[in-house]
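Summary of the model geometry
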Amino acid sequence: MDLLTALFDFKAMGIEVATGAMFVTLFLLLITGMPLAFVTLLVALIFALGWFGPMAVPLITSRIFSFVNSFVFVSVPMFVLMAAILDRSGIARDLFDAMRVVGGRLRGGIAIQTLLVAVVLAAMSGIIGGEVVLLGLLALPQMLRLGYDRRLAIGVCCAGGALGTMVPPSIVLIIYGLTASVSIGDLFTASFLPGLMLASFYIIYVLVRAYMNPDIAPIPEPDETSTAEKMRLLKGLILPIMVVIFVLGSIYGGIASVTEASAIGVIGVTLSTMIRGEFTTELMVGAAKRTLATVGMIVWIGIGASALVGVFNLMGGITFVSNLITGVSDNPTVIVLFMMAILFVLGMFLDWVGIALLTMPIFVPIIRDLGLDPVWFGVVFAMNMQVSFLSPPFGPAAFYLKSVTPPDISLGEIFRSLLPFIALQILALAILIAFPGVTGR
């Protein structure tokens, strides 16, 4: 018993050794394949018992309750449900067909049309998984059929689908706002221009490449669609744009909170399926099941991360890590860049929910102490997560796209296709750090 007490008496180690032991334990359990939520809960329990003894268990439960008790968290399942309904309806398909009319005979027009559809879909739901899959099903086959360069087509679908991270209503920004205790409405306002900036970078890249090398993006054959048919196709823009206006307009106009706006969005998308004659019990049940699975994953990761951060904070670990980070330099920009490097490395291996909930309780107080704006930092964090969605070895956007691509497109080819878009994301991140005014803050 004395040996066991000595082995698990983390308090005797000191916070420096205990911090190292905690992160090594976390890493070793993760590489076994155990889900992140259960790893963080287990590590929190082990170190709580080792540092505080059996009376530490109520500390964990109180942290969990404070996380799940936030009213704003209700908006997460609402936006996920919006995305799930969109995924199962024909709204996205009609939106893509309508954008075909807008693209016309512009070189690279189908790729640009795909990016514009991605922006509208991002503004409707804020979930990247469904968007990448939708673009992979709708846009990728069409671009490949028209003779587009495979890597360009793959990159456009993946990078465009990941825009939901930046364009409001972004689930990433909602989770950041909950963790950092900042206004989610302010985050949405601040991220709007950076999101459009990143989308414009993609469009400029497509245009430059298409006109420098016309073979990679052939101009389609003359469109023989009648004017009446074009008008019918353009009607496909009306319902999605109305949903975006009602959701974002109610937030920016101060008419509704983010939580209320998310409910408006679900009603808007549901009414859209009714107007289109697509509303069925099967559609709603399928959307509800997907929502339960997605939100269940987010909640469990949140519970585990909240417990771990709570225990680590009570151990004095957050103060220790904060001092370690601020000791890197006296220059706030250098400290921010150091944080970005940490997030970039973590993004290669962890889910963004876990990264936000594990790191933001440490990073955001440092940002405030440096006199920087936590809302601006939230936008910077979301832009960094853009990179994590595409970066190997575990970039989720690549795996989403791989699930719907032809068998001859390998995962390695998808990751190679994403390199120019990752470079554009890093450029956008650098601009945000160098020129915070882009966020309007």
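Just so you know, these numbers come straight off a predicted model, no measurement behind them.

**Focus on the packing of aromatic side chains**
Taken as a whole and judged by the stated rule, the model has eight aromatic pairs. Residues phenylalanine 192 and tyrosine 252 carry aromatic rings whose centres are separated by 6.1 Å and whose planes lie at 80 degrees to one another, so their mutual orientation is edge-to-face. In this pair, phenylalanine 192 sits in helix 12 (residues 184-212) while tyrosine 252 sits in helix 14 (residues 238-252), placing the two residues 60 residues apart along the sequence. Following the ring pairs from residue to residue traces out a cluster consisting of Tyr202, Tyr205 and Phe421.

**A closer look at unusual backbone geometry**
Look at the link from proline 168 to proline 169: it is a cis peptide, with omega at 5 degrees. With respect to the secondary-structure elements, proline 169 resides in the loop between helix 10 (150-161) and helix 11 (171-180). We note that serine 181 has phi near 55 degrees; this positive angle belongs to a residue other than glycine. With respect to the element layout, serine 181 can be found in the loop between helix 11 and helix 12. Judged by its relative accessible area of 62%, serine 181 falls in the exposed class.

**Describing the packing of helix 3 (residues 15-30) against helix 17 (residues 317-326)**
The contact between helix 3 and helix 17 brings their axes to 10 Å, and the two run at 95 degrees. By the angle between their directions, the pair helix 3 and helix 17 is classed as roughly perpendicular. Every residue of helix 17 that contacts helix 3 at Ile15, Glu16 and Thr19 is listed here: Gly317, Phe320 and Val321.

**Focus: a nonpolar patch on the surface**
Together, Phe344, Val345, Phe349, Phe394, Phe399 and Ile426 line one region of the surface with nonpolar side chains, adding up to about 560 Å² of accessible area. Within the secondary structure, phenylalanine 349 sits in the loop between helix 18 (332-347) and helix 19 (352-369). Using a relative accessible area of 53% as the deciding quantity, one classes phenylalanine 349 as exposed.

**So, the packing of helix 12 against helix 22 (residues 411-434)**
One way to put it is that helix 12 packs onto helix 22 with a least axis distance of 10 Å and a crossing angle of 140 degrees. Judged by the inter-axis angle, helix 12 sits oblique to helix 22. Here helix 12 runs over helix 22; the crossing is right-handed. Residue-level inspection shows Pro194, Met197, Leu198, Phe201, Tyr202 and Tyr205 of helix 12 in contact with helix 22, the latter providing Pro420, Phe421, Leu424, Gln425, Leu427, Ala428, Ile431 and Leu432. Grouping the amino acids of the contact of helix 12 with helix 22 by side-chain chemistry returns 13 nonpolar, one polar and no charged.

**Some details on the environment of leucine 138**
Following the sequence through the fold, leucine 138 ends up in helix 9 (residues 128-145). Of the residues examined, leucine 138 reaches a relative accessible area of 21% and is grouped as partly exposed. As for leucine 138 and aspartate 97, which are separated by 41 residues in sequence, their C-alpha atoms are 9.3 Å apart. Leave out the neighbours within four places in its chain, and leucine 138 touches Ala92, Arg93 and Phe96.

**What about the environment of aspartate 215?**
In this structure, aspartate 215 sits in the loop between helix 12 and helix 13 (227-234). It is 8.1 Å that separates the C-alpha atoms of aspartate 215 and glycine 147, two residues lying 68 residues apart in sequence.

**Re helix 18**
In a regular helix each residue adds 1.5 Å, so 16 residues correspond to 22 Å; helix 18 covers 22 Å between its end C-alpha atoms and thus fits that length. The complete set of buried residues in helix 18 reads Ile335, Val336, Met339, Met340, Leu343 and Gly347. Burial along helix 18 is one-sided: seen end-on, the buried residues are contained in an arc of 145 degrees. For helix 18, the elements touching its buried residues are helix 17, helix 19, helix 20 (374-390) and helix 22. For helix 18, the capping residue at the N-terminal end is asparagine 331, with a side-chain oxygen 2.9 Å from the backbone nitrogen of threonine 333.

The rules behind these values
- Residues numbered from 1 in each chain as written.
- Predicted model: local features only at pLDDT ≥ 70, side-chain atom pairs only at ≥ 80, totals over all residues.
- Heavy atoms only, no water.
- Phe/Tyr/Trp six-rings, centres within 6.5 Å; stacked < 30°, edge-to-face > 60°.
- Helix = DSSP H or I, 4+ residues; strand = E, 2+ residues; numbered from the N terminus.
- Buried < 20%, exposed > 50% of the residue type's maximum accessible area, 1.4 Å probe, protein only.
- Axes fitted to C-alpha atoms, helices over the stretch in contact; angles between N-to-C directions.
- Parallel < 35°, antiparallel > 145°, perpendicular 65-115°, else oblique.
- Contact = heavy atoms within 4.5 Å.
- Patch = residues over 30% accessible without salt bridge, like charges linked within 9 Å, V, L, I, M, F, W, Y side chains within 5 Å.
- Areas by Shrake-Rupley, 256 points an atom, 1.4 Å probe, with all protein chains shown as cover.
- Salt bridge = Lys/Arg side-chain N within 4 Å of Asp/Glu carboxyl O.
- Left-handed = near helix turned anticlockwise from the far one by under 90°.
- Nonpolar A, V, L, I, M, F, W, Y, C, P; charged D, E, K, R; others polar.
- Expected span 1.5 Å × (residues − 1).
- Arc of directions from axis to C-beta.
- Polar contact = N/O pair within 3.5 Å; in protein donor to acceptor, adjacent residues only side chain to side chain.

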